[in-house]
Amino acid sequence: MLREAAALQVFSSRQIRWLRQMGVHTPGFVSALGVNPHELDEAILESVRSDEGLPRRGVRFLYLGRMDVHTKGLDLLMEAVALGLREGRLPDDLQLSVVGPDQAGGQLRLQRLAAQLGIRESIRFHGPLTGTSKWKALLSADALVLP
């Protein structure tokens, strides 16, 4: 499949080299992940110190990306959170913030799944965040979760 693609999106030139070593010579291009560490400056850090960003409730997990249910594994993430809470492997006060643009009705599907799994109170949905708001969310989270 990779050899037949018109092009491949990767996140670092190292991945292109790895693909070449694996015999995949499809053109590749590097695309940033949406978080540019060069945006982070002292003003943002000071803002985070004075204002926590996302609402605080217990342990904070953060997913930052498109709300594309299956491609991004968000259905699996929610099932894992439900299982972890049910089995006592995650703290009862866990708060998962799902931040990013809705993709093809993904947010509604995820809200329904949260209700079915009995974890609606542990999940918060936010639209896309940019600039200082995005950094506040990242820096105030206890864990960044990328399924």
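Shown above is the structure to which this text applies.
Parameters at a glance
- Residues numbered from 1 in each chain as written.
- Predicted model: local features only at pLDDT ≥ 70, side-chain atom pairs only at ≥ 80, totals over all residues.
- Heavy atoms only, no water.
- Helix = DSSP H or I, 4+ residues; strand = E, 2+ residues; numbered from the N terminus.
- Buried < 20%, exposed > 50% of the residue type's maximum accessible area, 1.4 Å probe, protein only.
- Contact = heavy atoms within 4.5 Å.
- Areas by Shrake-Rupley, 256 points an atom, 1.4 Å probe, with all protein chains shown as cover.
- Core = buried A, V, L, I, M, F, W, Y, C linked by side-chain atoms within 4.5 Å.
- Salt bridge = Lys/Arg side-chain N within 4 Å of Asp/Glu carboxyl O.
- Pairing = 2+ DSSP bridges.
- Right-handed = clockwise from strand over helix to strand, strands pointing away.
- Polar contact = N/O pair within 3.5 Å; in protein donor to acceptor, adjacent residues only side chain to side chain.

When its secondary structure is counted, the chain shows 5 helices and 6 strands. When the helices and strands of the chain are read in sequence order from the N terminus, they spell out β-α-β-α-β-α-β-α-β-α-β. Burial status across the chain gives 36% buried among its 147 residues. Intrachain contacts of the chain at a sequence separation of at least 6 include 69% that bridge at least 24 residues. Put simply, the chain shows about 9100 Å² of open surface, and 54% of that area lies on carbon and sulfur atoms.

On to the nonpolar core, then. Counting residues in each nonpolar core, the largest one holds 21 residues, and the members touching the most others are Ile119 and Ile123. Of all the secondary-structure elements, those providing two or more residues to this core are strand E3 (60–64), helix H3 (74–86), strand E4 (95–99), helix H4 (106–117) and strand E5 (123–126). Sort the elements by how many residues they give to this core and H3 lands first, with 6 residues. Those residues in contact with isoleucine 119, other than ones at most four positions away along the chain, are Met78, Val81, Ala82, Leu85 and Ala114. With 7 residues, the next largest nonpolar core counts Leu62, Leu64, Val99 and Trp135 among its residues.

On to the pattern of salt bridges, then. Under the defined criterion, the tally for this structure stands at 2 salt bridges. We note a salt bridge from aspartate 68 to arginine 66, for which the minimum N-O separation is 3.3 Å. Classification of aspartate 68 by relative accessible area gives buried; the value is 16%.

Bringing the pairing of E5 into the picture now. In the sheet, E4 pairs with E5 via 4 bridges, with the strands oriented parallel. Note that in E5 the partner of valine 98 across the bridge is phenylalanine 125. Taking the sense of rotation as the criterion, the β-α-β connection linking E4, H4 and E5 turns out right-handed.

This brings us to the side chain of aspartate 68. Among the secondary structure elements, aspartate 68 is positioned in the loop between E3 and H3. A distance of 3.3 Å separates a polar atom in the side chain of aspartate 68 from a polar atom in the side chain of threonine 71. Once you skip the residues sitting within four places of it in the chain, aspartate 68 turns out to touch Gly73, Leu74 and Gln103.

Quick look at unusual backbone geometry now. A positive phi angle is found at alanine 104, which is not glycine, with a value near 55°. With respect to the helices, strands and loops of the structure, alanine 104 is situated in the loop between E4 and H4. Assessed through its relative accessible area of 73%, alanine 104 is described here as exposed.

Among the structural elements, aspartate 102 can be located in the loop between E4 and H4. Residues aspartate 102 and phenylalanine 125, spaced 23 residues apart in sequence, show a C-alpha to C-alpha distance of 9.8 Å. Once residues within four sequence positions are removed from consideration, aspartate 102 is found in contact with Met67 and Gln107. One polar contact links the side chain of aspartate 102 to the main-chain amide nitrogen of glycine 106, over a distance of 2.8 Å. Reaching out from aspartate 102, the side chain makes a polar contact with the backbone nitrogen of glutamine 107 at a distance of 2.9 Å.

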